[in-house]
Amino acid sequence: MKRNILTLLTGMALGSLLTGGAVAAGVMAEPSWQNIYVDGRQVHMTAYNIGGNNFVKLRDIGKEVGFNVYWQDGVQVDSTVPYTGEAPVQAAQAAQTSPAEPVRVSCYKEEPLAVGDGTGLMIYPGGAEYTVTSSDPSIVSVEKALGQFWKANAISPGTVTITATGPDGKTGSVVVTVTGSAQSGTRSVDLNANMEIRQEMVRLINEVRRENGLAELPMDESLMNAAQDVSSQGVTEHRPYDHMALIRYGWPHGGLYNLTVFTAYGCPDIAKQAIDYWIESPGHYETMLLEEASHVGTGVTLQNGRAYCYMVVGDPSSHNPYE
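Going along each chain's sequence as written, the residues are numbered from 1 onward. Only residues with pLDDT of at least 70 get local features here, since the model is predicted, and only at 80 or more are side-chain atom pairs given and counted; chain-wide, interface and lining totals rely on the full set of residues. Only hydrogens and water are set aside; all other atoms, that is, all heavy atoms of the structure, feed into the side-chain values.

A.B. asks: Tell me about the environment of aspartate 229, residues and numbers included.
C.D. replies: In this description a helix means any DSSP run of H or I spanning at least four residues, a strand means any run of E spanning at least two, and both kinds are numbered starting from the N terminus. Inspection of the secondary structure puts aspartate 229 in helix H5 (residues 221-231). Exposed residues in this analysis have more than 50% of their type's maximum accessible area, buried residues have under 20%, and partly exposed residues fall in between, with area computed by a 1.4 Å probe over protein chains only. Judged by its relative accessible area of 0%, aspartate 229 falls in the buried class. A sequence separation of 81 residues divides aspartate 229 from tyrosine 310, and the C-alpha atoms of the two residues are 9.7 Å apart. The term polar contact refers here to a pair of N or O atoms within 3.5 Å; inside protein, the definition further demands a hydrogen-donor-capable atom paired with an acceptor-capable atom, and it admits residues adjacent in sequence only when both atoms are side-chain atoms. A polar side-chain atom of aspartate 229 sits 2.6 Å from a polar atom in the side chain of tyrosine 241.

Here is the structure:
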């Protein structure tokens, strides 16, 4: 059991949060994209980046590793029994006496949304089948994406209320505002820009993979378009937008991004410079060598004397939480 727990927590800060919630008092939390493994098996748990550390719910860890976590005069962890989430003695009466947790709804993407944007919806408590509706589908439509995940799509300017109704009839809602001008998207992005540099990046990525005994990755149009869109944003950090772009351009799975930004003036080979930077960075190097990857996409935008270079490897075995 100790080995299982250590395998899961390596490189992560443990957030002992028993119920959902992505914002503590005055502290902003963003979804984290770290891969999480239990005994070598990748698992999906909702994680948040707070102050540079990754936090997950202790209950989620208990479910995946196989130990019980419950509240009884404090947080109790019992490593000798499987996860139930309830105190052994009080489990039978808890369902009758404990008040139901209120339904809470929020968006992955910060508001306001722009026309054409899509955002996943976070609905708590998890594990239930919710019915989700929009007060005006002509402004924001909602659709079930995968499993119990829901997605909202911004169609036209305005403000709507999105309501989630649980099987017990309890409801929760979030107000969503849509602006008239898209911040980014397919309408203003030249998806064929700098294609020679991008193709050379693909060739060099596959050269690195061959040297490490891995199969080459063919280009995928959806991944190429997503990577180019993301590069056109001209930012120097990864954002949820990166993964939303995968959905926007039709890639139905998860993926991993590499980003590098450097001065383009006087650089004789932008593609090679980008790959060299990623080779020198252990985390970026691992992305290029992802064994589960099936396809690759690249994006390059030259802006204000700088080169914004992205690569994304698509992983059919992983799930995009924004879908």
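Past the structure itself, the notes keep going.
A.B. asks: I'd love a proper account of the sheet that holds strand S5 (residues 53-56), names of residues and values included.
C.D. replies: If DSSP finds at least two bridges between two strands, the strands pair. With antiparallel pairing, 3 strands are arranged side by side in an open sheet as S1-S4-S5. Whereas interior strands pair on both sides, the edge strands pair on one side only; in this sheet they are strand S1 (30-31) and S5.

A.B. asks: Lay out the side chain of asparagine 68 in plain terms, naming residues and giving numbers.
C.D. replies: Within the secondary structure, asparagine 68 is located in strand S6 (residues 68-71). Here glycine 85 takes part through its backbone nitrogen, which lies 2.9 Å from a polar atom of the side chain of asparagine 68. Among residues more than four places away in sequence, those in contact with asparagine 68 are Gln76, Val77, Asp78, Val81, Pro82, Tyr83, Thr84, Gly85 and Glu86. Whether two residues touch is decided by their heavy atoms; if any such pair falls within 4.5 Å, the residues are in contact.

A.B. asks: An account of the pairing of strand S11 (residues 131-134) is needed here, citing residue identities and associated values.
C.D. replies: Side chains on a regular strand alternate between the two faces of the sheet. Going residue by residue along S11, you find Val132 and Ser134 tucked away on one face and Thr131 and Thr133 left uncovered on the opposite face. Where S11 meets strand S14 (residues 158-165), 4 bridges bridge the pair, whose relative direction is antiparallel. Opposite threonine 133, over in S14, you have threonine 163 as the bridge partner.

A.B. asks: Help me get a handle on the pattern of salt bridges, residues and values and all.
C.D. replies: Any carboxyl oxygen of Asp or Glu that lies within 4 Å of a side-chain nitrogen of Lys or Arg is treated as forming a salt bridge with it. In this structure the tally under the stated criterion is 4 salt bridges. Each of Glu200, Arg203 and Glu207 takes part in a single network of salt bridges with overlapping partners.

A.B. asks: Residues and numbers for helix H4 (residues 195-211), please.
C.D. replies: Over its 17 residues, H4 extends 24 Å from the first C-alpha to the last, a length consistent with the 24 Å expected when each residue adds 1.5 Å. Buried residues of H4: Arg198, Met201, Val202, Leu204, Ile205, Asn206, Val208 and Arg209, and no others. The inward-facing, buried residues of H4 contact H5, helix H7 (270-280), helix H8 (282-288), strand S17 (295-303) and strand S18 (306-315). Of the residues trailing H4, glycine 213 is marked for its positive phi of about 75 degrees. For a helix, the expected span equals 1.5 Å multiplied by the residue count minus one.

A.B. asks: Break down a nonpolar patch on the surface for me, citing the residues and quoting the values.
C.D. replies: In this analysis, a patch consists of residues with relative accessible area above 30% that form no salt bridge, clustered at 9 Å for like charges and at 5 Å for the nonpolar side chains Val, Leu, Ile, Met, Phe, Trp and Tyr. Values of accessible area rely on a 1.4 Å probe in the Shrake-Rupley scheme; residue burial ignores everything except the protein chains shown. Nonpolar side chains collect at one region of the surface, where Trp71, Val75 and Val77 lie side by side and expose about 310 Å² of accessible area between them. Along the chain, valine 77 falls in strand S7 (residues 75-78).

A.B. asks: Describe the nonpolar core, with residues and values.
C.D. replies: Counting residues in each nonpolar core, the largest one holds 24 residues, and the members touching the most others are Trp278 and Cys309. Apart from residues no more than four positions distant in its own chain, tryptophan 278 is found in contact with Met201, Asn258, Leu259, Thr260, His284, Tyr285, Met288, Cys309, Tyr310 and Met311. The set of buried Ala, Val, Leu, Ile, Met, Phe, Trp, Tyr and Cys residues whose side-chain atoms join them within 4.5 Å is what this entry labels a nonpolar core. Counting 21 residues, the second largest nonpolar core, distinct from the first, contains Leu121, Ala128, Trp150 and Ala152.

A.B. asks: Summarise the side chain of asparagine 153; cite the residues concerned and give the values.
C.D. replies: Residue position: asparagine 153 is located in strand S13 (residues 150-154). A distance of 2.9 Å separates the side chain of asparagine 153 from the side chain of glutamate 143, its partner in a polar contact. Apart from residues no more than four positions distant in its own chain, asparagine 153 is found in contact with Asp117, Gly118, Ile139, Val140, Ser141 and Glu143.

A.B. asks: Run through the sheet that holds strand S15 (residues 171-179), naming residues and quoting values.
C.D. replies: Pairing is mixed in the open sheet, where 4 strands are placed in the order S9-S15-S14-S11. Pairing within the sheet leaves two strands with one partner each, and these edge strands are strand S9 (113-114) and S11.

A.B. asks: Would you mind going over the environment of serine 32 in detail, with residue names and values included?
C.D. replies: Looking at where serine 32 falls in the secondary structure, it is placed in the loop between S1 and strand S2 (36-38). Put simply, serine 32 and phenylalanine 55 are 23 residues apart on the chain and 8.4 Å apart in space, counted from C-alpha to C-alpha. Setting aside residues no more than four positions away along its own chain, serine 32 makes contact with Ala47, Tyr48, Asn49 and Asn54.

None of the figures reported here should be taken as evidence of function without further support.
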